[in-house]
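Chains, contacts and geometry: an overview
So you can see what is in the structure, the chains are spelled out below.
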Amino acid sequence: MEPGSTPGRFRNSEAANGLFMVSPPAIYAVLLLAAPLIAMVLYSLMVDSKVGLSSGLTFDNYLKVWTGRIDQALMIRSLTVSAMVTLVTVLLAYPVAYFVSFHVKPEKKSMWLFLITIPFWTSYLIRVFLWKVILGYNGVINSGLMSIGIIDEPLTIINYSLGSMIMTLAHAYAAFAILPIFVSLEKIDRSFLEAGQDLGESKFRTFIRVTLPLSMPGVIAAVLIVFIPTIGDYVTPELIGGGKLPMIANRIEAIMLKQNDKALGSAIAMTAMLIVALVSIVFILLNRRFLRGQSK
Amino acid sequence: MTTEKSNMIEFRDVHKYYGDYHALRGINATIRAGEFFSLLGPSGCGKTTLLRTIAGFEDISSGAVMIDGKNMANVPANVRPTNMVFQSYAIFPHLTVEENVGFGLRRDPRSKEEKAMAVAEALEMVGLKGYGKRAAHALSGGQRQRVALARALILKPKVLLLDEPLSALDKKMREQMQVELIKLQRQVGITFILVTHDQEEALVMSDRIAVMFEGQIAQLADPETLYRRPASRKVADFIGTMNFLPAQILSDSGATVEVEAAGFGRMSLSPDQVMGSPSAEGATIGLRPETLTILFEGQAATDREVLGTVEEVVYYGDMTYYDVKLDGASSPMRLSMRNVPGRPVLDRGAKARLGWSPGAVVLFR
C-alpha cells in the first residue's frame, strides 16, 4: 500500500498505536467486566423458576427488592456499616497521614509508608480471622479479661456486633485511606502554611482554613476507596458478625446460591450497585469542586 | 529626609545554626522605620534566613531580633507586626482573589461590608480592581504577586517582608514591578525589607542595602556608597563590574595614600577611597568600567590620560564594552562607552587614549 493512502497513514498514526497498546486490557475488561454485567442486567429482568429463566422481560424482581422488608433492612444496614467504617477509617487515617507528611523526615517517609502497608501483605481473609481470634466469644480479649477477673463471663458486645464488624473493616481498609490522604498532604506547598500564620492565624486555625480544604481531594478519594468495597463486603459479616448480622452481599449469596434464584439475586445486586454509584457520583462531584480550585 | 527616623528592626548579634552549619554569624544591624531596605547576596548567604527570623519562621540560636523596640523572642509568627510576600506568592489555590486578600481579616472587628470595602481598596491599590471574584489559579504570575501584596498590606503591618518577589517574573514585568513597588512603598510609608540576589534590583529600589556573604553582613550602605566605595573586593565584584589591578602602596600619611599601579602610574588617594586595614597581602586598586573613557580625536582628558590597545569589542546597541590593555600593564581593563551619534566604534587592535581620574579609584588592601 502506498504510504500516502488513508489506511497506511492510520496504521502508522499515533492513534492506531494507542489503540493497539490499549487493546489487550480493553478486551479483557469487556470480556470479564462488561459481559457479566450485561448478563446480570438481563437476568435481573427475567423470572427464575424451576424450569429455567423466562424469556420475557419484567421489572417484577426490582419491585420485589425495593418493597421487600428484608432487602430494605439489609441495604440500610450495609449503608450504615460502610458509612460508619468510612467515617472511622478516614478519621483515624488522617492523623497518621498528617504525621507522616508533616512530622516525619523526608528521607524516612518511604520507610513509614512501607511499614504502614506491611499488614496488607497478609490476605484479607486471614486478617479477618485474626480479628475473630481477638474479639471472639472465647477470644484473646474475653479470655484475658476473665483470667484476670475483671469479667465473669465473655463480653458479647465485642463479638457478633456491628461495632466489631466496623472495627475489623476499618482496620482492613486503613492503608487505602492513609495513602491518598498522604499524597494530597504532600502536594500542599509548605509556604501556604507559613502564609496562613503570617496572616495572623494560629497553627490550628491555619490547619482548618488552609491544610484541611487543600487535602479534601485526598479525603474524598479515601472515602470512595473505603466506601465502595465495604458496602459489598461478604467475609466480615459472615465471620465477625457470625452470620447473625448479614449485609447485602450475604443476602445476594443466599438468594443466588442457596435459593438458586439468579433473577432476584441479580436484581438485588443491580440495586446495590445503583446505590453505590449514586453515592459515588455525589462524592466525585464534591471532589471536582475541590479540584477545580487547585489545578495550576 | 529631614526628619530623624526611628529604628524599626534591630538585630543584636544574631546567630543561627542548622546542626553544625553556621547560617547567620553575628548579625548586627538596624533598619529604620519607613525605609526600603534590601538584603542582597548570593544564594546561601543567609539573607532569606535573616528575613525569616523577622517574620518568625526561624528561631535564632542566640542574640535578639527587635521589632519596633520589642524583643521578638518567643513571639510566634502569627502575632508579629510583619507580613510577608512569599517567593512563591503562596496564593491559596482554593480561594478566590478577594478571599485571599481578606484572609487575614477574620478577627478584624469591622463589619462585613467594611471588610469588603477594605479588600476592594487593597485590590485597587495594587491595580487589580474588579478581579475580586476570580479564582486564584486563573491569575498570571504578575497578578499573583499583586494579590500577595494586597493580602499583606491590607493588614497594615509595621514591616513588609519581600522574599525575592520579582524572581519569577520576566524581565519587562520585573522592571515594571520594581517601579510600582517603590511607588507603593512611598504611598503606604511602611518599612519594606526586600531579599534579592539581583544587585541591580537592590540598587534601583533600596534606600539602604546590606550585602551579605556567608552569614555575615559585608557592607551596609546606601546604593551610591555601595557602588562607588565598596568595602571589599568581594562586595565590589558582586555589585556591578570592577577592574582590579595589583598596586603598591608607596606611603601612607593618614591624610593621603600614595599608590603606584602598572599602566596608571602614581596617584594619591584620600582616606575615604581606601578600604580595609593594612595587611601583609598585596594591595589592589579597583576602577568601575564607566570611570574609564576613550578619548576620541580632539578630546582632551579632564584629569589624567593613559595609552592602550583595544583587545576586545562587545557591541550592545546603546553601549559598547571594550577590553583595553594599557601600555605597561599585564591584564586588560574593561570599560564601557555610551554609543552616541557620530562616535565611532573602535576595532580590535586599535590604539586608544584613555581618560581617568584618581578620584574614581578604590584601594583595597
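Within each chain, residue numbers correspond to sequence positions counted from 1 in written order. For this description, chains carry letters from A and ligands carry numbers from 1, given in the order in which they are written. Selection of residues for local features in this predicted model requires a pLDDT of at least 70, selection of side-chain atom pairs for listing and counting requires 80 or more, and totals for whole chains, interfaces and linings are taken over all residues. The basis for the side-chain values is all heavy atoms of the structure; hydrogens and waters are excluded.

**Considerations on the overall build of chain A**
Which entries qualify depends on this criterion: For the purposes of this entry, the term helix denotes a DSSP run of H or I that reaches at least four residues, the term strand denotes a run of E that reaches at least two, and both are numbered from the N terminus. Radius of gyration: over C-alpha atoms. The globule rule applied is 2.2 Å multiplied by the number of residues raised to the 0.38 power. Three exposure classes are used, based on accessible area relative to the maximum for each residue type with a 1.4 Å probe and protein chains only: buried under 20%, partly exposed in between, and exposed over 50%. Residues count as neighbours in contact if any of their non-hydrogen atoms are within 4.5 Å of one another. Every accessible area reported is derived by Shrake-Rupley at a probe size of 1.4 Å, with residue values counting cover from the shown protein chains alone. Charge convention: Lys and Arg are scored as positive, Asp and Glu as negative, and His as well as the terminal groups of each chain are ignored. Charge positions are represented by NZ for Lys, CZ for Arg, CG for Asp and CD for Glu.
Helices and strands together make up the secondary structure of chain A, namely 14 helices and two strands. Taken against the 2.2 N^0.38 rule, which gives 19 Å for 296 residues, the C-alpha radius of gyration of chain A at 25 Å runs more than 25% over that of a compact globule. Considering only C-alpha atoms, chain A reaches an extent of 85 × 70 × 35 Å along its principal axes. Burial status across chain A gives 41% buried among its 296 residues. In chain A, the share of contacts with a sequence separation of at least 24, taken over all contacts with a separation of at least 6, comes to 68%. If you sum the accessible surface of chain A, you get close to 17,000 Å²; carbon and sulfur atoms cover 71% of it. In chain A, which carries 24 positive and 17 negative side-chain charges, the distance between the mean positions of the two groups comes to 2 Å.

**Details of the nonpolar core**
Selection criterion: We define the nonpolar core as a collection of buried residues of types Ala, Val, Leu, Ile, Met, Phe, Trp, Tyr and Cys that are connected through side-chain atoms lying within 4.5 Å of one another.
A:Ile181, B:Ile9, B:Phe11, B:Leu39, B:Phe92, B:Leu161 and B:Ile193 are the most contacted members of the largest nonpolar core, which totals 76 residues. Examining the composition of this core, we find that eight residues originate from one element, helix 4 (residues 69-103) of chain A, more than from any other. Not counting residues up to four positions away in its chain, the partners in contact with B:Phe92 are A:Phe192, A:Ala195, A:Gly196, A:Leu199, A:Val210, B:Asn100, B:Phe103, B:Ala136 and B:Arg151. Core analysis: the second largest hydrophobic core is formed by 34 residues, B:Phe36, B:Val97, B:Val147 and B:Ile182 among them.

**Quick notes on the domain arrangement of chain B**
Interfaces are frequently sized by the accessible area removed from exposure as the parts join. All names here are of chain B. Which entries qualify depends on this criterion: Per the annotation, domain bounds derive from an automatic or database assignment of domains. Accessible-area loss on putting two parts together, using a 1.4 Å probe and summing over both, is the definition of buried area adopted here. Any carboxyl oxygen of Asp or Glu within 4 Å of a side-chain nitrogen of Lys or Arg constitutes a salt bridge here. N or O atoms within 3.5 Å of each other form a polar contact, as long as, within protein, one can give a hydrogen and the other can take it, and as long as residues adjacent in sequence are counted only when both atoms are side-chain atoms.
For chain B, the assigned domains are domain 1 (7-233) and domain 2 (241-365). One C-alpha centre belongs to domain 1, the other to domain 2; they are set 38 Å apart. Each side of the interface is counted separately: domain 1 has eight residues, and domain 2 has 13 residues. The junction of domain 1 with domain 2 conceals about 850 Å² of combined surface from both sides, 52% of it contributed by carbon and sulfur atoms. The largest share of the area that domain 1 buries against domain 2 comes from Tyr227, Arg229 and Arg233, three residues that together contribute 73% of it. The interface formed by domain 1 and domain 2 holds one salt bridge in total. Summed over the shared surface of domain 1 and domain 2, the number is four residue pairs in polar contact (both at pLDDT 80 or more).

**Some points on unusual backbone geometry**
Residue and element names in this part refer to chain B. The phi dihedral of Asp13 falls on the positive side, at around 45 degrees, and the residue is not glycine. Relative to the helices and strands, Asp13 is located in strand 1 (residues 7-18). For Glu164, which is not a glycine, the phi torsion comes out positive at approximately 40 degrees.

**A short note on a nonpolar patch on the surface**
Residue and element names in this part refer to chain A. The cut-off we apply is this: Patch membership is restricted to residues that have no salt bridge and whose relative accessible area is over 30%. Joining uses 9 Å for like charges and 5 Å for the nonpolar side chains Val, Leu, Ile, Met, Phe, Trp and Tyr.
A cluster of nonpolar side chains, namely Leu125, Ile126, Phe129, Leu130, Val133, Ile134, Val140 and Ile141, defines an oily patch on the protein surface of about 660 Å² accessible area. Among the secondary structure elements, those contributing two or more residues to the nonpolar patch are helix 6 (124-135) and helix 7 (140-147). Considering each element in turn, the nonpolar patch owes the most residues, six residues, to helix 6.

**Quick word on the packing of aromatic side chains**
Keep this limit in mind: Stacked, tilted and edge-to-face are the three classes assigned to paired rings of Phe, Tyr and Trp, where Trp is represented by its six-membered ring and a pair needs centres within 6.5 Å; plane angles under 30 degrees give stacked, over 60 edge-to-face, the rest tilted. Only Lys NZ and Arg CZ are tested; either one counts as a charge over a ring when it is within 6 Å of the ring centre and within 35 degrees of the ring normal.
Within this structure, the stated rule accounts for 18 aromatic pairs over all chains. Arranged with centres 5.8 Å apart and planes meeting at 45 degrees, the rings of A:Tyr173 and A:Phe176 form a pair that is tilted. Between the NZ or CZ atom of B:Arg151 and the centre of the ring of B:Phe92, over which it lies, the distance is 4.9 Å.

**Let's talk about the domain arrangement of chain A**
All names here are of chain A. Segmenting chain A into domains produces domain 1 (1-44) and domain 2 (60-292). Placing a centre on the C-alpha atoms of domain 1 and another on those of domain 2 gives a separation of 35 Å. Taken together, the five residues of domain 1 in the interface contact 10 residues of domain 2. Where domain 1 abuts domain 2, roughly 600 Å² becomes buried across the two surfaces, and 74% of that area is made up of carbon and sulfur atoms. Summed over the shared surface of domain 1 and domain 2, the result is zero salt bridges.

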